[in-house]
Amino acid sequence: MRTGSRVLLVLLFPVWGSAAAAHNGDLTVRPACKPGFSEEDYTAFVSQNIMEGQKLLKVKFNNCAGNKGVRYETNSLDFKVRADGTMYAAHRVQMPSKQLILMVIAWDPQTLGRWEAIVRLLVAEKFQHSGHKPKGRRTMPGELAQPQSDTLLPWRQHQSANGLRRQKRDWVIPPINVPENSRGPFPQQLVRIRSDKDKEIHIRYSITGVGADQPPMEVFSIDPVSGRMYVTRPMDREERASYHLRAHAVDMNGNKVENPIDLYIYVIDMNDNRPEFINQVYNGSVDEGSKPGTYVMTVTANDADDSTTANGMVRYRIVTQTPQSPSQNMFTINSETGDIVTVAAGLDREKVQQYIVIVQATDMEGNLNYGLSNTATAIITVTDVNDNPPEFTTSTYSGEVPENRVEVVVANLTVMDRDQPHSPNWNAIYRIISGDPSGHFTIRTDPVTNEGMVTVVKAVDYEMNRAFMLTVMVSNQAPLASGIQMSFQSTAGVTISVTDVNEAPYFPTNHKLIRLEEGVPTGTVLTTFSAVDPDRFMQQAVRYSKLSDPANWLNINATNGQITTAAVLDRESDYIKNNVYEATFLAADNGIPPASGTGTLQIYLIDINDNAPELLPKEAQICEKPNLNVINITAADADIDPNVGPFVFELPSVPSAVRKNWTITRLNGDYAQLSLRIMYLEAGVYDVPIIVTDSGNPPLYNTSVIKVKVCPCDENGDCTTIGAVAAAGLGTGAIIAILICIIILLTMVLLFVVWMKRREKERHTKQLLIDPEDDVRDNILKYDEEGGGEEDQDYDLSQLQQPETMDHVLNKTPGVRRVDERPIGAEPQYPIRPVIPHPGDIGDFINEGLRAADNDPTAPPYDSLLVFDYEGSGSTAGSVSSLNSSSSGDQDYDYLNDWGPRFKKLADMYGGGEED
């Protein structure tokens, strides 16, 4: 059989599932989609000569997005790949060797992903067995594609004509086809492999590769003696589409008898997988009014079966359409691509906004009898176009507005638009076509209600226009769809009435400026500052009053607005700014309610020469000898040019000593120099009168006195310290007297401080006249203790009262009591204490009482006085009740006079009874 012109295609298909389901229609659970080729290595058997356009094989690639836009290319100019993955010869190709390795690249322009796969083209030289199906015969499901003889002799040796045996090169074994999902029984024989040498020696056969000694293990097995190869379990093409095994022949010692040969086993696809849609729900949209044939969306279903066979060829159809309006067949679908397009006209969003289409995908090229099917939902939204112009709900509108008001809505225009609310096809835009040449009104759109709000943007005047007749038009933000005309109801009329209100009078000239000379007499009429009432149709009177007159220089006539002076206007006043005096007046009418307006009058005062110049500076200093320094003088004038400089400086003739001692030299029109005329002038302060005259018309002069201190100077021309004092008028004797007084004052202060120190020391060292034990005078004892502040002032006064029960007192250790307790029970008898107690005994006694007080649980939470010893009947002190007073007593109190001044008051009270 000739095989040179035949091409054997070996297709490797991707693994889409773990285990194929039986032909009962069950769905297969598959892992998550991973972009890439179905295989990393593809193999195809080709002839030595390949014709142009001849198909070689088909690679399977999936980018998990329907493969839209995926492009293929190879690293060889001789071969190309179509969009469906079919590799073909770009031109006539002569295979250079038994094997050609190519690289196929798939890349996605959207994600910029790039994937590669290897394609091996093997030259099929000879086929010594009829392993191929007869041409035109189709392999039925479950039938093995076995050769007519199940024995392969890949290592057959040939004998030459002279009887010598020569080794022919190994044959290329055609692939072995195994149908998936075979029901057995297993193991099922595939083929028998043997060598011609098995007649001479015992040979052991084995197979290696994926499916034999590599995972998945033991899918194929071989009888080592007979060479029969078996499949041990059902195959799943979606799990693995092909297997590449190597057959080995060795002798009993393990020595290689023949070279290993390649065995290619392909799993024949069965229709055991339903088409699966990429999405269960698809969303698309189409404009209303679209023409038939308008693209809507694409639905895609993938079938894990072989796409080159009918098992994986999916066809689409529309099952149902909801609603079936205006036609039950508004859409159609391309059975091969899944593109949904419109097939009928009449899409109207205002009637039907959404369609739900059930799409069915069926394999076996859409054969509903043999194919497996699945469904998905396509939701088609009819999008809005501007096919409904806005229309006014009425043809005329009216409104009213007070004059002189702005930003007031005078009318609301309502429209109706059936397009999508709050979209450019629905949003209204209003325009005033006519009736408002001055632009008093504008129409703004309410974004919520779409109403037009006629708003005043420029104040209207009742005296000018009492009413407006506007013509308005409404349109949408988006232009109308093609073929749609504007409605006559898109135009309406608006009548706006203007109401009259009382307007404030106004000054036609505001600010008003007048010019006059300063110093005009009181009562002079300056001008008439009158206002105008704009209300021509109201008979109202206007009265005037002052609102602001800082210097109170003006009066205004309340009836006619005549301005007169109430005082002399002075340009040099502090109220004048840049020669202008400003006053504000009020004009008010008698309308209801009354209205008023203000006007400003500006008076520009022209300067007159009414201020004499003043000499500067008022004081100066000069040396007692001339030619060392001079005094620069100038003048200040409150007037302005030309009533100021140049000034004339001169010395008066009286007294004569002025011109005798001093002289003035003019430098320019504003400055002069005062200097000594004589060679020496005694140090002191001199009043030098100088006459200064300005250049006004008529000129004014002023005699100013400058105090000049004449003093001795050093070589630099500066006054010395002694000289400055002498110049101030104090002589040497006066200065000495002042210093002596200061020394005497300091001495007296020092003596007083020493005396106070000594007195304080004597007071501390002075002894008492009597012994401290017998001193009965009141003494103030100072304890350096501070109270606890506010916290210690929150006393519990109940502790100062007699408790209801005395158990805690009776059980208390005797000898220590608080001042808020009284002794209970029999009073203890105390031994008579010595007159002078031993200091150690007292200290121990106090410390013992202190410890008892600190451990007393009944003690109050604040500091209190403690009675360390209760003087009962055993006390050596007498009872104070025995003391009494009597005016007839014979007690002698004269000894109080000997106790000093502190007891003088008592001595006077008790010792002086006989004198009274």
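Higher on the page you've got the structure.
Residues numbered from 1 in each chain as written. Predicted model: local features only at pLDDT ≥ 70, side-chain atom pairs only at ≥ 80, totals over all residues. Heavy atoms only, no water.

Trainee: What exactly am I supposed to notice about the packing of aromatic side chains here?
Mentor: What describes a pair of aromatic rings is the distance from one ring centre to the other and the angle between the planes of the rings. According to the stated counting rule, one finds 18 aromatic pairs in the structure shown. Summarising the aromatic geometry, the rings of Phe61 and Tyr72 are spaced 6.3 Å apart at their centres and angled 90 degrees between planes, so their arrangement reads as edge-to-face. Of this pair, Phe61 sits in strand S5 (residues 61-62) while Tyr72 sits in strand S6 (residues 71-74); the two residues are 11 residues apart in sequence, bridging distant segments of the chain. We classify Tyr72 as buried; its relative accessible area is 12%. (Phe/Tyr/Trp six-rings, centres within 6.5 Å; stacked < 30°, edge-to-face > 60°. Helix = DSSP H or I, 4+ residues; strand = E, 2+ residues; numbered from the N terminus. Buried < 20%, exposed > 50% of the residue type's maximum accessible area, 1.4 Å probe, protein only.)

Trainee: Honestly, the environment of Glu180 in this entry has me stumped. Any pointers?
Mentor: Counting through the fold element by element, Glu180 comes out in the loop between strand S15 (176-179) and strand S16 (188-193). Look at Glu180 and you get buried, because its relative accessible area is 2%. Here the alpha-carbon distance between Glu180 and Ala241, two residues 61 residues apart in the chain, equals 9.2 Å.

Trainee: Explain the pattern of salt bridges to me, please; I cannot follow it from the model alone.
Mentor: Where charged atoms from two side chains of opposite charge approach closely, those side chains can pair. Under the counting rule described, the total for this entry stands at 15 salt bridges. The partner of Arg349 in a salt bridge is Glu350, with the nearest N and O atoms 3.2 Å apart. Here Asp607 and Arg571 are joined by a salt bridge, their closest N and O atoms 3.2 Å apart. With Asp607 in the loop between strand S46 (596-606) and strand S47 (614-616) and Arg571 in the loop between strand S44 (562-565) and strand S45 (580-589), the pair connects residues that are 36 residues apart, well separated along the chain. Judged by relative accessible area, Arg571 falls into the buried class, the value being 8%. Taken together, the shared-partner salt bridges in this structure form one network comprising Arg237, Glu238 and Asp269. (Salt bridge = Lys/Arg side-chain N within 4 Å of Asp/Glu carboxyl O.)

Trainee: Looking at this structure, how should I read the sheet that holds strand S28 (residues 339-342)?
Mentor: Strand pairs in the sheet, formed through backbone hydrogen bonds, run parallel or antiparallel to each other. Taken in spatial order, the 3 strands line up as S24-S28-S27 in an open sheet, and their pairing is antiparallel. Only two strands of the sheet have a single partner each, and these edge strands are strand S24 (295-298) and strand S27 (331-333). Each strand axis lies, on average, 25 degrees off the axis of its neighbour in the sheet, ignoring direction. (Pairing = 2+ DSSP bridges. Axes fitted to C-alpha atoms, helices over the stretch in contact; angles between N-to-C directions.)

Trainee: Teacher, can you tell me more about the sheet that holds strand S10 (residues 99-108) here?
Mentor: Pairing is mixed across the open sheet formed by 4 strands, whose spatial order is S2-S11-S10-S6. For this open sheet the edge positions go to strand S2 (41-46) and S6, each flanked by a neighbour on one side alone. Within the sheet, the average angular offset between the axes of one strand and its neighbour, ignoring direction, is 25 degrees. The pairing of S10 with strand S11 (residues 113-123) spans 10 bridges and is antiparallel. Each bridged residue has a counterpart across the sheet, and for Val104 the counterpart in S11 is Ala117.

Trainee: Help me out: how do you make sense of a nonpolar patch on the surface in this one?
Mentor: Taken together, the side chains of Leu745, Val749, Phe752, Val753, Trp755 and Met756 make up a nonpolar region of the molecular surface, amounting to roughly 600 Å² of accessible area. Take Met756: its relative accessible area is 38%, and that puts it in the partly exposed class. (Patch = residues over 30% accessible without salt bridge, like charges linked within 9 Å, V, L, I, M, F, W, Y side chains within 5 Å. Areas by Shrake-Rupley, 256 points an atom, 1.4 Å probe, with all protein chains shown as cover.)

Trainee: Hey, could you run me through the state of the cysteines in this one?
Mentor: One covalent bond between the sulfur atoms of two cysteine residues makes up a disulfide. Counted according to the given criterion, the structure contains 2 disulfides. Here Cys33 pairs with Cys64 through a disulfide, and the sulfurs are 1.8 Å apart. Looking down the S-S bond of the Cys33 and Cys64 bridge, the torsion is -90 degrees, so its handedness is left-handed. Of this pair, Cys33 sits in the segment before strand S1 (36-37) while Cys64 sits in the loop between S5 and S6; the two residues are 31 residues apart in sequence, bridging distant segments of the chain. For Cys33, a relative accessible area of 44% gives the class partly exposed. The exposure class assigned to Cys64 is partly exposed, which follows from its relative accessible area of 29%. Here Cys623 connects covalently by a disulfide to Cys713, the sulfurs 1.8 Å from one another. (Disulfide = S-S within 2.5 Å.)

Trainee: Please explain the pairing of S46 as it appears in this structure.
Mentor: Each regular strand shows side chains that alternate between the opposite faces of the sheet. As defined by bridge partners, strand S40 (residues 512-517) adjoins S46 across 6 bridges and the pair is classed as parallel. By the bridge assignment, Leu513 is partnered in S46 with Gln602. Sheet topology note: the S45/S46 ladder contains 9 bridges and is antiparallel. Looking at the pairing, Ala583 lines up with Leu601 of S46. Counted along the chain from S45 to the antiparallel partner S46, the turn is 6 residues long.

Trainee: Would you take a moment to explain the pairing of S10 for this structure?
Mentor: Pairing between S6 and S10: 4 bridges, direction antiparallel. Within the sheet, the bridge partner assigned to Tyr72 lies in S10 and is Ala106. Where S10 folds back on S11, the antiparallel hairpin that results is connected by 4 residues, among which Leu112 adopts a positive phi of roughly 60 degrees.

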